[in-house]
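Notes for the structure review
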Amino acid sequence: MKVLLFCPTYRLEPETLQAIMAQDVEGGIDFLFTRDNPYDGSDDGKANILHNYKKGRAAFLAGGYEYMFVVESDIIPPRDALQSLMALNADVAYGLYLFRRNAPYHCNVTRYAKSPAPDQPLSMFPKAYTQAWKEGVIRCSGSGLGCVLIKRHVLEKIDFHQRNNRVHCDTFFTEDVWQAGYDMKADMRVVCGHKHPDGTIWWPTENCGQWKSS
């Protein structure tokens, strides 16, 4: 088993680095940190983010890896994140964290729904969120790339790209994975912190909307 842990870096938080290096791993793992931002960032960083993800995918495919474990540079996963997501045996497996734009913050994990596009965040539906927390492992329709494990055959078929400049490439990647019919699951027990530029770290909790900060 060969894993590439990929951390596209804008501002690498010390808590993220510590969490990455503390991951429980069985088998081989390589680490790729990339801070390669050739564009001026006037598009809210979309072009730089896409550039780094394309670079990470190319390295992954060239290296013969079986899994790409993405941990973005402001996400703080638990020590067992990689092992827990691998245990799901999903094509794409997600940890749980909070998006940090547009308070009140919503979680990244979206409802599973038989629809043409991925559904809305579970945290928009408190009863569904509470049930998902109780179940632990759930089917979902994404989303985000903050803490995600992706199998090789998915990345062989699906590239990172930008269809327009309204949202980031993670949205389009999620849509492509969903529309291709890949198995998407989340482990609600893989609870990750998300560090804001002001230093606050926000954490999901079992109580929908009653998030914790540190």
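The preceding data block contains the structure.
A brief structural summary. None of the values given here were measured: they were computed from a predicted structure. (Residues numbered from 1 in each chain as written. Predicted model: local features only at pLDDT ≥ 70, side-chain atom pairs only at ≥ 80, totals over all residues. Heavy atoms only, no water.)

Section: the pattern of salt bridges
Counted according to the given criterion, the structure contains 13 salt bridges. Between arginine 163 and aspartate 176 there is a salt bridge, with its nearest N and O atoms 3.1 Å apart. Separated by 13 residues along the polypeptide, arginine 163 in the loop between α5 (152–157) and α6 (169–179) and aspartate 176 in helix α6 bring together distant segments of the chain. Looking at arginine 163, the relative accessible area reads 44%, which means it is partly exposed. For aspartate 176, a relative accessible area of 17% gives the class buried. (Salt bridge = Lys/Arg side-chain N within 4 Å of Asp/Glu carboxyl O. Helix = DSSP H or I, 4+ residues; strand = E, 2+ residues; numbered from the N terminus. Buried < 20%, exposed > 50% of the residue type's maximum accessible area, 1.4 Å probe, protein only.)

Quick notes on the sheet that holds strand β4 (residues 75–76)
The four strands lie next to each other as β4-β9-β10-β11, forming an open sheet whose pairing is antiparallel. Looking at the sheet topology across the chains shown, the edges are occupied by β4 and β11 (212–213). With two bridges connecting them, strand β10 (residues 201–203) and β11 associate as antiparallel partners. Looking at β11, one finds that tryptophan 203 is bridged to lysine 212. (Pairing = 2+ DSSP bridges.)

Quick notes on the side chain of lysine 46
Inspection of the secondary structure assignment puts lysine 46 in helix α2 (residues 46–62). Filtering out sequence-adjacent residues up to four positions away, lysine 46 remains in contact with Gln162, Asn165, Arg166, Val167 and His168. (Contact = heavy atoms within 4.5 Å.)

Digging into unusual backbone geometry
The amide bond that connects glycine 142 to the next residue, serine 143, takes the cis arrangement and shows omega of 5°. You can see serine 143 is positioned in the loop between β6 (137–139) and β7 (147–151). The backbone of aspartate 44 sits at a positive phi, close to 65°, despite the residue not being glycine. Looking at the secondary structure, you find aspartate 44 in the loop between β2 (28–34) and α2. Classification of aspartate 44 by relative accessible area gives partly exposed; the value is 40%. Despite not being glycine, asparagine 89 shows a phi value in the positive range, around 50°. Along the chain, asparagine 89 turns up in the loop between α3 (81–87) and β5 (92–96). Note on asparagine 89: relative accessible area 51%, which makes it exposed.

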